[in-house]
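Chains, contacts and geometry: an overview
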Amino acid sequence: MIAHHRKPARLWSERSAGPPVHCPMGQDKAIPDGIEERHHRLPGPLRRPKLASLVVTGAILLAAIAGFAGGTPNPNHVIDSPAARLEVTTPSILRNGLFYETRIHIVPHRAFDDLVLGVEPSLWRDMTVNSAIPAAEKESFGGGLFRLSFGPAKAGEPIELKFDGQINPPLFGGNRGRIALFDGERPVTSLNLATRVLP
């Protein structure tokens, strides 16, 4: 009986490997058929960094660090009148689709029969207000403003309001509008605000 000795099967990588390529680390590695050493060697001019690409990349990084694309602390807008102090902290730069927070701090210097916060519709155009804490006792529209009534307020007792919103896809460029404080129907003070919206 004659014994037949079969050669061990070659691995696929061994069968398909082309000529070895010399690597910088002194090791030779096989490359697939059809690929030659010249295919993975860029011409000299392409291996050197281009000044224009470095300048553009550096400019983008500097703009991001400087806050031109957002990501900086929200500015605090303040106005103090004889009747009350109004502070609004809200983003000045946002990107389309982002969630954001607006905080409003009110300190009455005298008693209010009915503290009312008014918001100009243009400030919230193409924005969704998801929540308001605390919720207003009454919501209405009048005098060209959304009106949120919070009832009586005592002198010296701070009132903190928090609005959570989101930028809707159609909004581009930004919004401008006014936030006003009333005692019932009597105007007390107001702030003009602007939000820039980037793609």
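Reference entry: report on the structure contained in this document. If you're wondering where the values come from, they're calculated on a predicted model, not measured in any experiment. (Residues numbered from 1 in each chain as written. Predicted model: local features only at pLDDT ≥ 70, side-chain atom pairs only at ≥ 80, totals over all residues. Heavy atoms only, no water.)

All right, on to the overall build of the protein chain then. Within the protein chain, the secondary structure is distributed over three helices and 13 strands. When each of the 199 residues of the protein chain is scored for burial, the buried share is 32%. (Helix = DSSP H or I, 4+ residues; strand = E, 2+ residues; numbered from the N terminus. Buried < 20%, exposed > 50% of the residue type's maximum accessible area, 1.4 Å probe, protein only.)

Moving on, we get to the environment of valine 88. Tracing the sequence through the fold places valine 88 in strand E4 (residues 84-89). Between the C-alpha atoms of valine 88 and histidine 105, which are 17 residues apart in sequence, the distance is 6.5 Å. Setting aside residues no more than four positions away along its own chain, valine 88 makes contact with Pro75, Asn76, His77, Thr102, Arg103, Ile104, Ile179, Leu191 and Leu193. (Contact = heavy atoms within 4.5 Å.)

Turning our eyes to something else, we now look at the side chain of serine 81. Relative to the helices and strands, serine 81 is located in the loop between strand E3 (76-80) and E4. When near neighbours in sequence (up to four residues on either side) are disregarded, serine 81 contacts His109, Val188 and Thr189.

Right, let's talk about the pairing of strand E6 (residues 99-108) for a bit. Relative to E6, E4 is paired through six bridges, and the arrangement is antiparallel. Each residue of the ladder has a partner; that of threonine 89, found in E6, is arginine 103. Alignment of E6 against strand E11 (residues 159-167), held across eight bridges, turns out to be antiparallel. When the bridges of E11 are listed, isoleucine 104 appears paired with leucine 161. (Pairing = 2+ DSSP bridges.)

Tallied over the entire structure, the rule returns three aromatic pairs. Ring geometry for tryptophan 124 versus phenylalanine 146: centroids 6.3 Å apart, planes at 20°, classification stacked. Of this pair, tryptophan 124 sits in the loop between strand E7 (115-119) and strand E8 (127-133) while phenylalanine 146 sits in strand E10 (residues 145-149), placing them 22 residues apart in sequence. With a centroid separation of 5.7 Å and 65° between ring planes, the pair formed by phenylalanine 141 and phenylalanine 146 is classed as edge-to-face. (Phe/Tyr/Trp six-rings, centres within 6.5 Å; stacked < 30°, edge-to-face > 60°.)

A few words now on the sheet that holds E7. Strands sit in the order E5-E13-E12-E7-E10-E9 across an open sheet of six strands; the sheet is mixed. For this open sheet the edge positions go to strand E5 (93-95) and strand E9 (138-142), each flanked by a neighbour on one side alone. Taken over all neighbouring pairs, the strand axes of this sheet differ in orientation by 25° on average, direction set aside. As judged from the four bridges shared by E7 and E10, these two strands associate in the antiparallel manner. Across the sheet, the residue bridging to glycine 118 is arginine 147, located in E10. (Axes fitted to C-alpha atoms, helices over the stretch in contact; angles between N-to-C directions.)

Pairing in this open sheet of five strands is antiparallel, and the strands run E3-E4-E6-E11-E8 from one edge to the other. Edge positions in the sheet fall to E3 and E8, since each of these pairs with one other strand and no more. In this sheet, adjacent strand axes meet at a mean angle of 15° when their direction is disregarded. One ladder, built from six bridges, connects E8 with E11; its direction is antiparallel.

Note that threonine 189 resides in strand E13 (residues 186-198). Ignoring sequence-local partners within four residues, the contact set of threonine 189 consists of Ile79, Ser81, Leu86, Ile179, Ala180 and Leu181.

To continue, consider the nonpolar core. Ile104, Ile106, Leu115, Leu117, Leu161, Ile179 and Leu181 are the most contacted members of the largest nonpolar core, which totals 23 residues. Once you skip the residues sitting within four places of it in the chain, leucine 115 turns out to touch Ile106, Pro108, Leu148, Ser149, Phe150, Gly151, Ala153, Ile159, Leu181 and Phe182. (Core = buried A, V, L, I, M, F, W, Y, C linked by side-chain atoms within 4.5 Å.)

Overall, the coordinates contain nine salt bridges when judged by the stated rule. One salt bridge in this structure joins glutamate 87 and arginine 85, with 2.7 Å as the shortest N-O distance. Among the residues examined, glutamate 87 registers a relative accessible area of 16% and is labelled buried. The closest approach of N and O atoms between arginine 147 and glutamate 185, which form a salt bridge, is 3.5 Å. (Salt bridge = Lys/Arg side-chain N within 4 Å of Asp/Glu carboxyl O.)

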